[in-house]
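Fold and contact review
Residue-level listing of the chains:
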Amino acid sequence: MKYGIAIFPSEELKDNINSYRKRYDPHYSIIAPHITLKDPFEASDAEIDEIIEYIERVAKNIPPIPIHITRASSFHPVNNVIYLKVDNNDELSSLHEQLYKGPLEHEHPYNFVPHLTLAQKLSDVEHADVLERLKMVEMEYKETVSEFHLLKMDEEAERWKVFRTFTLGKDV
């Protein structure tokens, strides 16, 4: 089975992001707005039990994570993805790193750039136009997240679904 790990922002922020994604992100119907903590990986039913135990231990040792969005940005020229930049911090970075250790250990496919995707798979012209418009919009936003999610790909529905939710911090 295919799994991934992500943080979902508040409903208010999701609604704001989806107002752009509906138009500019072909993955809009596949997954809600999210910060990817671990890229998709394969695991058997037997392996996922060990993985869940490991993630539970990790979650207890990371306090709730402050999320600070500062602006719209892009991965251009690597690809035409436009996103909201999430400031990296110790808690977010530590959680990401620990989700690539233990039973989840494998090479990082990319450098960790915390973000929430607004648009992707745009032509060069459309990318430039949308990015310039978004740079003129105030994008400052702050919140604290207290949970993250193990997602499972539902092959029939062709959609990511929450498989397990983990609460951050010992005292939460």
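Another point: the sheet that holds strand β4 (residues 82-86). Pairing within the open sheet is antiparallel, and its 4 strands lie in the order β5-β4-β3-β6. Only two strands of the sheet have a single partner each, and these edge strands are β5 (115-119) and β6 (141-145). Across the sheet, the axes of successive neighbouring strands diverge by a mean angle of 30°, strand direction being ignored. Alignment of β4 against β5, held across 4 bridges, turns out to be antiparallel. Paired with Ile82 across the strands is Ala119, a residue of β5. Helix-sheet contacts for helix α4 (residues 124-135) involve β3 (65-74), β4 and β5, and the interaxial angle to β3 is about 130°.

Among the structural elements, Asp154 can be located in strand β7 (residues 147-154). Sequence separation between Asp154 and Ile62 is 92 residues, and the spatial gap between their C-alpha atoms is 29 Å. When sequence neighbours within four positions are dropped, the list of residues in contact with Asp154 reads Arg159 and Lys161. Of note is the side chain of Asp154, whose polar atom sits 3.1 Å from the side chain of Lys161.

Cut-offs used in this document
- Residues numbered from 1 in each chain as written.
- Predicted model: local features only at pLDDT ≥ 70, side-chain atom pairs only at ≥ 80, totals over all residues.
- Heavy atoms only, no water.
- Pairing = 2+ DSSP bridges.
- Helix = DSSP H or I, 4+ residues; strand = E, 2+ residues; numbered from the N terminus.
- Axes fitted to C-alpha atoms, helices over the stretch in contact; angles between N-to-C directions.
- Contact = heavy atoms within 4.5 Å.
- Polar contact = N/O pair within 3.5 Å; in protein donor to acceptor, adjacent residues only side chain to side chain.

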